[in-house]
Amino acid sequence: MRSRHHDIADDLKRQITTGRIKPGDRLPSEVELAGQYRVSTATLRSALAVLQGEGLVEKIHGKGNFVRHRLRKIMYVGGWGTLDPWTAAEAALHVTDRATEVEAHGHLAALLRVPNGSPLTELLCISYQGESPHSLARIYVPRDLEPIEALSDGPSCMRTEVSFAVLSPLSAEVRETVSARPSTPDEASTLRINPTTAVLAITRVAADPAGRVVEAALLVFPGDRVDAVFTTHHVIDERQTQG
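Residues numbered from 1 in each chain as written. Predicted model: local features only at pLDDT ≥ 70, side-chain atom pairs only at ≥ 80, totals over all residues. Heavy atoms only, no water.

Colleague: Just to check I follow, could you spell out the overall build of the protein chain for this structure?
Modeller: In terms of regular secondary structure, the protein chain is built from nine helices and 11 strands. Residues counted as buried form 42% of the 243 residues belonging to the protein chain. Total accessible area on the protein chain stands at roughly 13,400 Å², and carbon and sulfur atoms take up 54% of it. (Helix = DSSP H or I, 4+ residues; strand = E, 2+ residues; numbered from the N terminus. Buried < 20%, exposed > 50% of the residue type's maximum accessible area, 1.4 Å probe, protein only. Areas by Shrake-Rupley, 256 points an atom, 1.4 Å probe, with all protein chains shown as cover.)

Set out below in structure tokens:
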């Protein structure tokens, strides 16, 4: 037997897709909707959870449930970790960033190859399309290597590209590990997505010519908002060409 909350979700979805309820509109309160459909608030919340999982509705803490604007896909360009400026501009992204001082421990210390307790600068970058979070990045740099470029002012398109790119001009090698996984509770809250939504997680480590790690970045993109492109190059062993 079909659950009542699915019927409610279908009705609200029909109103959204036909334009009766428009992108950006705030839905009536959960109590009001429960009264309209003559169900408990628990049943109503289950219906909203279906719409949230499909990306049609987002819940903003303290404000209510809103119909989402359709979020555009962007392209992540592997190797130097930039966002393609054309797709980033098309999606009208803007980025907020915040720098804080932290210490390296556990997995982070291992990525940067530094002792536990080493001082780091953490740069938290969140990209937005309109008012909706699009993707996030946590970039860690040893304290003596300040991420000046990422903190400088500039147009939103350029800041989008720079804020996710490798920060250090000294980088000679960039290694990226890519995985698809469920979002963490913190990621789901920050990106306003369903906790069961799959994300593309990229761990990027950049090293200088001497092999010192100059940056470790943890990038997270909801799976329906990004295409990742990696280009490989055939490396010729010069020893085999000599003789």
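Colleague: Looking at this structure, how should I read the packing of helix α2 (residues 30-37) against helix α3 (residues 41-53)?
Modeller: The geometry of a pair of packed helices is captured by two quantities: the angle between their axes and the separation between those axes. Axis separation between α2 and α3 bottoms out at 9 Å; the angle between their running directions is 105°. The pairing of α2 with α3 is recorded here as roughly perpendicular in orientation. For the pair α2 and α3, contact is made by Glu30, Val31, Leu33, Ala34 and Tyr37 and by Thr41, Leu44, Arg45 and Leu48, respectively. (Axes fitted to C-alpha atoms, helices over the stretch in contact; angles between N-to-C directions. Parallel < 35°, antiparallel > 145°, perpendicular 65-115°, else oblique. Contact = heavy atoms within 4.5 Å.)

Colleague: Sorry, what's going on with the nonpolar core here?
Modeller: In summary, soluble globular proteins display a tendency toward joint burial of nonpolar side chains. By size, the foremost hydrophobic cluster in this structure holds 20 residues, and its most contacted members are Ile74, Tyr76, Ile139, Phe164, Leu219 and Phe221. Of all the elements in the fold, those that place two or more residues in this core are β3 (74-77), β5 (93-103), β6 (119-129), β7 (132-142), β9 (198-207) and β10 (213-222). Excluding residues that lie within four positions of it along the chain, phenylalanine 221 makes contacts with Ile74, Tyr76, Leu83, Ser135, Phe164, Val199, Leu200, Ile202 and Val226. Counting residues in each nonpolar core, the second largest holds 16 residues, with Ile8, Leu27, Tyr37 and Leu44 among its members. (Core = buried A, V, L, I, M, F, W, Y, C linked by side-chain atoms within 4.5 Å.)

Colleague: Looking at this structure, I do not really get the sheet that holds β3. What am I missing?
Modeller: Two pairing modes exist for strands in a sheet, parallel and antiparallel, and in both the strands are linked by backbone hydrogen bonds. In spatial order, the strands read β4-β3-β11; together these three strands make up an open sheet with mixed pairing. Whereas interior strands pair on both sides, the edge strands pair on one side only; in this sheet they are β4 (82-83) and β11 (226-229). Sheet analysis places β3 next to β4, joined by two bridges and oriented antiparallel. Following the sheet pairing, tyrosine 76 is matched in β4 by leucine 83. (Pairing = 2+ DSSP bridges.)

Colleague: I'm lost on unusual backbone geometry in this one. Help?
Modeller: Its identity as a non-glycine residue notwithstanding, arginine 113 has a phi of 55°, on the positive side. Relative to the helices and strands, arginine 113 is located in the loop between α5 (106-112) and β6.

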